[in-house]
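Coordinate analysis (summary)
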Amino acid sequence: MPLNAYGVLAGTLHHHVREEPDARGGRLRVVLEVDAPAGRYRCAVDVDGDRSGTAVQWKVLRLAASVLEPASALPPGYHDLSTSPGSGAIDHLRHPALADRSGRLFGRRPPAWLEGLAARLNPPRPWVSGPGPEAAQALEGVLVPGRPVLVFGEPLDQGLGLRNVHLNQGAPYGSPWWAGDGVWQDGAVLTRRPDGWYDAFLSRFSGQSVRTGADGHPA
């Protein structure tokens, strides 16, 4: 069963703050305040996981607006998205602009010369591993107040805001997050640069698999 709802918030980044873990079990997170026509949204990005020596993995990418269409062309506000390719939804493992390039075509390794050419034209995008504070610093590096921003995730049940702004598939069987696995429903933060390109931050917890089936469960 996937997330209850999924979509993207288009707005303007007002401010962000880092919230440290607390004695009640709260995780390290970076909270974005995003202005949109309905008001100011609160979008929490967890950058720390449970019971994990390497809490989180992340990527920071620079993307053309065209590879994010139609989401990059949406007007300010929150928009529900269909969890399917072409809707504007993103999938860290399947979207051609986001996925790690393994150097394999149709399950077979290409000749070395072709693999080298592909790596130059479309370089690998591996995950970076590290502790939560390093992930928070990487996210904060793309957060510039006043920039247009796209935040993908699950809308809150009450109030203006988004949660699950990270990979939302690949949770191991028996975990509390297994039921929320699904494809084309991943979270991310993207801020638009003055040149029109986007700086993108993607993250996942180290317990989540990067090989998933059509149901979003680990393959």
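The structure we're discussing is the one just above.
Everything in this summary refers to the structure shown in the same document.

Definitions and limits used
Residues numbered from 1 in each chain as written. Predicted model: local features only at pLDDT ≥ 70, side-chain atom pairs only at ≥ 80, totals over all residues. Heavy atoms only, no water. Helix = DSSP H or I, 4+ residues; strand = E, 2+ residues; numbered from the N terminus. Buried < 20%, exposed > 50% of the residue type's maximum accessible area, 1.4 Å probe, protein only. Areas by Shrake-Rupley, 256 points an atom, 1.4 Å probe, with all protein chains shown as cover. Polar contact = N/O pair within 3.5 Å; in protein donor to acceptor, adjacent residues only side chain to side chain. Contact = heavy atoms within 4.5 Å. Salt bridge = Lys/Arg side-chain N within 4 Å of Asp/Glu carboxyl O.

For the rest of this paragraph, the subject is the overall build of the protein. Secondary structure assignment for the protein yields 2 helices and 10 strands. When the helices and strands of the protein are placed in sequence order, the string is β-β-β-β-β-α-β-α-β-β-β-β. For the protein, the proportion of its 219 residues judged to be buried stands at 45%. Looking at the protein as shown, the accessible area adds up to about 10,900 Å², and 54% of this sits on carbon and sulfur atoms.

Moving on: the side chain of Asp 46. Structurally, Asp 46 can be placed in strand E3 (residues 39-46). A polar atom in the side chain of Asp 46 sits 3.2 Å from the side chain of Arg 29. Asp 46 has contacts with Arg 27, Leu 28, Arg 29, Ser 203 and Phe 205, leaving out every residue within four places of it along the chain.

Glancing now at the side chain of Gln 57. Among the structural elements, Gln 57 can be located in strand E4 (residues 56-63). Judged by its relative accessible area of 12%, Gln 57 is buried. At 2.6 Å, the side chain of Gln 57 forms a polar contact with the side chain of Ser 129. Those residues in contact with Gln 57 that sit more than four places away from it in its chain are Trp 127, Val 128, Ser 129, Leu 202, Ser 203 and Arg 204.

Pairing is possible between side chains that carry opposite charge, provided their charged atoms lie close to one another. Using the criterion set out here, one finds 11 salt bridges in the structure. Glu 19 is the salt-bridge partner of Arg 42, the closest N and O atoms lying 2.6 Å from each other. Note that Arg 42 is positioned in strand E3 and Glu 19 in strand E1 (residues 7-19), a separation of 23 residues in sequence. Residue Arg 42 is classed as partly exposed on the basis of its relative accessible area of 38%. The partly exposed category is assigned to Glu 19, whose relative accessible area is 27%. Arg 193 is paired through a salt bridge with Asp 199; the nearest N and O atoms lie 3.5 Å apart. Of the two residues examined, Arg 193 and Asp 199, each falls in the buried class. Salt bridges sharing common partners tie together Arg 62, Arg 147, Arg 193, Asp 195 and Asp 199.

Everything listed here is a matter of coordinates, which is why it stays silent on function.
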